[in-house]
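# Summary of the model geometry
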Amino acid sequence: MTTTTGGCYCGATRYALEGEPLRRTACYCRECQYLSGGGANYVMAYTPENFTWTKGTPTDFARSDLDAPRKRQFCPTCGTHITTVRPDGSMVMVKAGTLDDPAFYGQPENIIQTADAQPFHLFPEGVPASERFPG
Ligand SMILES: [Zn+2]
Ligand SMILES: [Zn+2]
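Residues numbered from 1 in each chain as written. Chains lettered and ligands numbered in written order. Predicted model: local features only at pLDDT ≥ 70, side-chain atom pairs only at ≥ 80, totals over all residues. Heavy atoms only, no water.

An unreviewed UniProt entry annotates the protein chain as CENP-V/GFA domain-containing protein of Pseudooceanicola pacificus. In the Sequence similarities (unreviewed entry) part of its UniProt record, the protein chain is described as follows: "Belongs to the Gfa family." (UniProt positions renumbered as here; feature names shortened; annotations may be inferred.)

Right, let's talk about the overall build of the protein chain for a bit. Looking only at helices and strands, the protein chain features one helix and ten strands. The globule rule puts the C-alpha radius of gyration for 135 residues at 14 Å, and the 14 Å found for the protein chain is close to it. C-alpha atoms of the protein chain, sized along the principal axes, occupy 40 × 35 × 25 Å. Out of the 135 residues in the protein chain, the part that is buried amounts to 41%. Summarising the internal contacts of the protein chain: among those between residues at least 6 apart in sequence, 56% fall at separations of at least 24. Working note: accessible area of the protein chain is about 7,400 Å², and carbon and sulfur atoms make up 52% of it. Of the charged side chains in the protein chain, 12 are positive and 14 negative, and the gap between their average positions amounts to 4 Å. (Helix = DSSP H or I, 4+ residues; strand = E, 2+ residues; numbered from the N terminus. Rg over C-alpha atoms; globule rule 2.2 N^0.38 Å. Buried < 20%, exposed > 50% of the residue type's maximum accessible area, 1.4 Å probe, protein only. Contact = heavy atoms within 4.5 Å. Areas by Shrake-Rupley, 256 points an atom, 1.4 Å probe, with all protein chains shown as cover. Lys, Arg positive; Asp, Glu negative; His and termini not counted. Charge placed at Lys NZ, Arg CZ, Asp CG, Glu CD.)

Another point: the coordination of the zinc ion (ligand 2). Around the zinc ion (ligand 2), the protein supplies Cys 27 (SG), Cys 29 (SG) and Cys 32 (SG) as donor atoms, at distances of 2.1 to 2.3 Å. The motif formed by the donor residues of the zinc ion (ligand 2), counted along the single chain, is C-x1-C-x2-C. This pair shows no difference in class: Cys 27 is buried, exactly as Cys 32 is. (Donors = N, O, S within 2.8 Å, 3.2 Å for Na, K, Ca; no water.)

Turning our attention to unusual backbone geometry. Unlike most non-glycine residues, Gln 113 shows phi in positive territory, near 65°. Here Gln 113 is to be found in the segment after β10 (110-112).

The sites that carry the UniProt feature "domain: CENP-V/GFA" (unreviewed entry) are, in the present numbering, residues 4-121. In residues 4-121, the share of helix is 6% and the share of strand is 37%. The end C-alpha atoms are 29 Å apart.

This is the structure in structure tokens:
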């Protein structure tokens, strides 16, 4: 299997991915807007088995005011948000901007959470969209 690598802005926190992502998604939810710069959060879904931290230990954060908060993981040194983990731990969403070669992401296969989209957001043509999560 092909290994793809990435990490944070400062290089202290690094990871490796095995194979192709299960899905390439662009998420427009309000929570992601805080972490993306205001635009979509471009993420790739990997199972925990195919995601490995190879350098450093990320800082975990989950909001206490949400019913089923995602765990978001950051470089403790430079603060780069790298992954979002499902509440049950079954899936790791990896941010495309943290790849050593972000072009590996290609294009989103679906876009989600458009109910939270802002007037300045543009949606790619021909990509299936969901107001929240797909059915
Ligand atoms: Zn860093
Ligand atoms: Zn989101």
